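So you can see what is in the structure, the chains are spelled out below.
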Amino acid sequence: MPKEIAEKIFFMPGRNQGAFPFCNSVFIDDEIRAIIDPASNKKDIAELKNIEMAILSHFHTDHIRELRVLPDVKVAIHESEADALIDVNKVVDMVFLPEEDQDEKISWLEGKKRELQTEQRTWVVSRKFKDRDEISLGKTRIKVVHAPGHTIGHSCFWFPEHEILFSSDVDLTMFGPWYGNACSSVEQFLLSLEKLKSFQPRLVVTGHEAGIIDGSEFQDRLEKFKAKLFSREQKVLDALAKPRTLDQIVDLGIIYGEFLQKMPGLRVPEKRMIVHHLRWLEKQGKIKNDNGCWVLL
Ligand SMILES: [Zn+2]
Ligand SMILES: [Zn+2]
């Protein structure tokens, strides 16, 4: 059930406490009725009548799935991800590293098309925004805060009048940052976290789990979230006390820990996230690849 958190602004909790594959949504009941990240709960979203605009933080299915129950809705998304939304085939290059298995890519894409019902879609991308753009819905203004790293176009949304921040997948969970797509980046994620530090929200709405966080907790939660990323980086460096191949580092389960053994499907994002750590460490001049093995410098 939507819960009013400011004038005309409603929090829509995701199913299963907003855990993946659901997310928390925000509904704005203004002159233009809009929803941010429509994937909280199909039934609740379908009951919202006359939704004119869907504002998306990024292209992930767990944030856009219920576009399928919003007929003729106009979609707004960061300019770097608009093509992937218009042509779902383009998502593959944003998600998969070039060297990954071709058959995997095809079957993954077919699954996405079925889930999003792309064949029957009636929504259109009508707005490609960039950092600091303003979206006006009547009385309510939303400022775009481009915060890449999770994905290339990942954006948070700032309601200046109400000092509310929708932080999407800067979700401030105990798990920490997730950067398991080809278009993700550890370096960009860190820069985005620095950028968000300058905000002093009254309320934060996260894309997953916590949902609503009091502004007084924001800086602390942001620091803890960032610390997870640095602790993983340190584990990668510790692992390179002896030379290791990428697969040997992946075997250590630095990101997913014990879950990597229990859920083999997690090996794919584990590997991509380790790749992003290695890229960032290489760029900082801390490691290099020597004949297929990663070594400290
Ligand atoms: Zn995401
Ligand atoms: Zn998400």
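**Topic: the sheet that holds strand E11 (residues 164–168)**
Next up, step 1: Read from one edge to the other, the open sheet built from six strands follows the order E8-E9-E10-E11-E12-E13, with strand pairing classed as mixed. The sheet is open, and its two borders are formed by strand E8 (134–136) and strand E13 (212–214), each paired with just one other strand. Averaged over all pairs of adjacent strands, the angle between their axes in this sheet comes to 25°, without regard to strand direction.

**Regarding the domain arrangement of the protein chain**
Next up, step 1: Split by domain assignment, the protein chain resolves into domain 1 (3–223) and domain 2 (238–291).
Next up, step 2: When each unit is reduced to the centre of its C-alpha atoms, the spacing between domain 1 and domain 2 is 28 Å.
Next up, step 3: Across the side of domain 1 that touches domain 2, the residue classes break down as four nonpolar, four polar and one charged.

**Notes on the sheet that holds strand E7 (residues 124–129)**
Either a parallel or an antiparallel arrangement is found when strands of a sheet pair, and the pairing is made through backbone hydrogen bonds.
Next up, step 1: Spatially, the seven strands line up as an open sheet ordered E1-E2-E3-E4-E5-E6-E7, and their pairing is mixed. Two strands bound the open sheet, and with one partner strand each, they are strand E1 (3–6) and E7. Averaged over all neighbouring strand pairs, the angle between strand axes comes to 25°, with direction disregarded.
Next up, step 2: Here five bridges tie strand E6 (residues 74–78) to E7, and the two strands are oriented parallel to one another. Each residue of the ladder has a partner; that of Ala-76, found in E7, is Arg-127.

**Considerations on the nonpolar core**
Next up, step 1: In this structure, Val-26, Ala-54, Cys-156 and Phe-157 are the most contacted members of the largest nonpolar core, which totals 56 residues.
Next up, step 2: With four residues, strand E10 (residues 155–159) is the largest single contributor of residues to this core.
Next up, step 3: Excluding its chain neighbours within four sequence positions, the residues that come into contact with Phe-157 are Ile-36, Ile-55, Ile-142, Val-144, Val-145 and Phe-166.
Next up, step 4: With 18 residues, the next largest nonpolar core counts Val-186, Ile-255, Val-275 and Trp-280 among its residues.

Rules used in this analysis
- Residues numbered from 1 in each chain as written.
- Chains lettered and ligands numbered in written order.
- Predicted model: local features only at pLDDT ≥ 70, side-chain atom pairs only at ≥ 80, totals over all residues.
- Pairing = 2+ DSSP bridges.
- Helix = DSSP H or I, 4+ residues; strand = E, 2+ residues; numbered from the N terminus.
- Axes fitted to C-alpha atoms, helices over the stretch in contact; angles between N-to-C directions.
- Domains from an automatic or database assignment.
- Nonpolar A, V, L, I, M, F, W, Y, C, P; charged D, E, K, R; others polar.
- Core = buried A, V, L, I, M, F, W, Y, C linked by C-beta atoms within 7 Å.
- Buried ≥ 20, exposed ≤ 12 C-beta atoms within 10 Å, placed from the backbone.
- Contact = placed C-beta atoms within 7 Å.

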